[in-house]
Amino acid sequence: ILGIYLFTRIFITKDLFNDETEEREVIAGEINYNITMIGSLLEHPEDEYYVMIYNTENLRSIYYSGLMTNYARNEDALKVYFADLNKGFNQKFYDPENTELDVTNISDLKVGDLTLIRVRDGEIAEVWNNEEDIANELAYIESEDTEN
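Please read all numbers here as calculations on a predicted model, not as lab measurements.

Draft legend 1. Seen up close, unusual backbone geometry. Residue D121 is not a glycine yet carries a positive backbone phi of 55°. Inspection of the secondary structure puts D121 in the loop between β3 (114-120) and β4 (123-128). Overall, the relative accessible area of 59% leaves D121 in the exposed class.

What follows is the structure, given as structure tokens:
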């Protein structure tokens, strides 16, 4: 056993005679609280918020992300959560043909390629499926204090 141990340390890992200690960089984990799963989109602590649902592999996804970022700059902006249709746990809610958003059970929810949902008091209050309507809803409104 000792021979196998020494053989392994000398010829395979080559660290028996290496006095240098290898420094390892430790990267702290980060939790993104802006991401949600579609199945739990009604379970966030705020009374009112938006959930933006789209596929990050879509060519327009940068634009959609920009809409959310600009909207967050508004003084009275509601929280905006993001759900990625590309993630496995969200794919069962994707159906481009049948976008049934008036549901009593969230597991029956079906969304298309792009959907913005406004949640109020744990219920779906409003829904937008059109890019132009979503852009209008998530518009950045420059406050009068910042205008010169």
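Read on for the rest.
Draft legend 2. Broad picture of the pattern of salt bridges. In the structure shown here, the tally under the stated rule is 6 salt bridges. A salt bridge links R118 to E48; the nearest nitrogen and oxygen atoms lie 2.7 Å apart. On the criterion of sequence distance, the pair formed by R118 in strand β3 and E48 in strand β1 (residues 48-54) is long-range, its members being 70 residues apart. When its relative accessible area of 23% is taken as the criterion, E48 is described as partly exposed. Of the charged contacts in the structure, one is a salt bridge between R118 and E126, with a shortest N-O distance of 3.9 Å. The class for R118 is buried, based on a relative accessible area of 16%. On the accessibility criterion, E126 (33% relative accessible area) is partly exposed. Several salt bridges share partner residues, and in doing so they unite E48, R118, R120, E126 and E137 into one network.

Reading the values: rules and limits
- Residues numbered from 1 in each chain as written.
- Predicted model: local features only at pLDDT ≥ 70, side-chain atom pairs only at ≥ 80, totals over all residues.
- Heavy atoms only, no water.
- Helix = DSSP H or I, 4+ residues; strand = E, 2+ residues; numbered from the N terminus.
- Buried < 20%, exposed > 50% of the residue type's maximum accessible area, 1.4 Å probe, protein only.
- Salt bridge = Lys/Arg side-chain N within 4 Å of Asp/Glu carboxyl O.

Just distances and angles here, no functional claims.
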